[in-house]
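# Per-entry structural report
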Amino acid sequence: MMGISIMTPSHAAERIASFGKSMFDRGLTAGTSGNISMRIEGGWLMTPTNSSLGELDPGAMSRLDAAGKLIGGQAPTKEAFLHRAMYEMRSDCGAVVHLHSAHAVAVSCLADIDAGNVLPPITAYYAMKIGTLPLIPYFKPGDLELADAVRALAGKHHAVLLANHRPVVAGTSIEAAVAAVEELEETAKLFLLLQGHRVRYLTDAQLEELGISRSR
Ligand SMILES: [Zn+2]
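Residues numbered from 1 in each chain as written. Predicted model: local features only at pLDDT ≥ 70, side-chain atom pairs only at ≥ 80, totals over all residues. Heavy atoms only, no water.

### Here we look at the overall build of the protein chain
For the protein chain, the count of helices and strands is seven helices and eight strands. Over its C-alpha atoms the protein chain spans a radius of gyration of 17 Å, differing by no more than 12% from the 17 Å that the globule rule assigns to 216 residues. Dimensions of the protein chain along its principal axes, counting C-alpha atoms only, are 50 × 35 × 30 Å. Counting all 216 residues of the protein chain, 50% fall into the buried class. The long-range fraction of contacts in the protein chain, counting pairs at least 24 apart against all pairs at least 6 apart in sequence, stands at 66%. With the model as given, the accessible surface of the protein chain reaches about 10,400 Å², and the carbon-plus-sulfur share is 54%. Charged side chains of the protein chain number 19 positive and 22 negative; the gap between the two group centres comes to 1 Å. (Helix = DSSP H or I, 4+ residues; strand = E, 2+ residues; numbered from the N terminus. Rg over C-alpha atoms; globule rule 2.2 N^0.38 Å. Buried < 20%, exposed > 50% of the residue type's maximum accessible area, 1.4 Å probe, protein only. Contact = heavy atoms within 4.5 Å. Areas by Shrake-Rupley, 256 points an atom, 1.4 Å probe, with all protein chains shown as cover. Lys, Arg positive; Asp, Glu negative; His and termini not counted. Charge placed at Lys NZ, Arg CZ, Asp CG, Glu CD.)

### Things to note about the packing of helix α1 (residues 9-25) against helix α6 (residues 174-193)
Put simply, α1 and α6 touch, their axes get as near as 11 Å, and they point 15° apart. What the angle tells us is that α1 and α6 run roughly parallel. Crossing of α1 against α6: the hand is right-handed. In this structure, α1 contributes R15, I16, F19 and M23 to the contact, and α6 contributes I174, E175, V178, V181 and E182. In terms of residue class, the contact of α1 with α6 is built from six nonpolar, no polar and three charged. (Axes fitted to C-alpha atoms, helices over the stretch in contact; angles between N-to-C directions. Parallel < 35°, antiparallel > 145°, perpendicular 65-115°, else oblique. Left-handed = near helix turned anticlockwise from the far one by under 90°. Nonpolar A, V, L, I, M, F, W, Y, C, P; charged D, E, K, R; others polar.)

Functional significance is not addressed by these values, which are geometric in nature.
Okay, structure coming up:
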């Protein structure tokens with residue numbers, strides 16, 4: 001597992017709680033929406049079901065073994081299967097953030113978006129942190145077919161957008177996953193602000209300069 005530093009469960013729980021609070025306090029996810037997980041020795045830590053990211057108790061964090069069985073803390077988020085699908089397909093995945101952030105959701109509901117790559121390269125930072133963002137079709141909450149749909153794309157993409165729902169973003173660390181999901185939300189906001197305007201996106205040559213190829 002190249003590039004992943006595995007933390008102790010208690011340290012990981014503290015990191016999840018502090019990133020959760022930071023995102024909640026800045027309005028990036030509301031109510032009890034959004035969930036975060038981290039890889040730890042022999043399994044994962046996940047935010048519990050029906051918990052607010054603003055008030056996470058590190059001691060109550062759900063602890064799952066390598067088979068996904070709950071071995072400590074409260075029952076995990078009902079969307080645990082989304083996180084598992086990302087980890088399964090990405091050996092470099094140290095953390096997953098699934099944020100219910102308003103602008104990304106708004107973009108996921110637009111009728112005429114390119115499902116192969118939802119957001120254009122508006123800024124270099126977005127292009128470097130996310131690159132391409134495929135859209136996964138709508139499934140009803142808890143539908144396990146959604147996990148298959150995520151699995152199908154997660155090998156190639158560390159970020160996916162679920163139609164009429166929210167983004168799921170993986171990172172080698174929780175810092176990387178949070179930074180990427182925030183960049184995605186910010187870019188979704190810009191994309192909406194630019195609707196109806198004539199826009200210059202980064203060109204293929206400018207993307208190439210960043211080491212990014214437009215091919216999917
Ligand atoms: Zn969700």
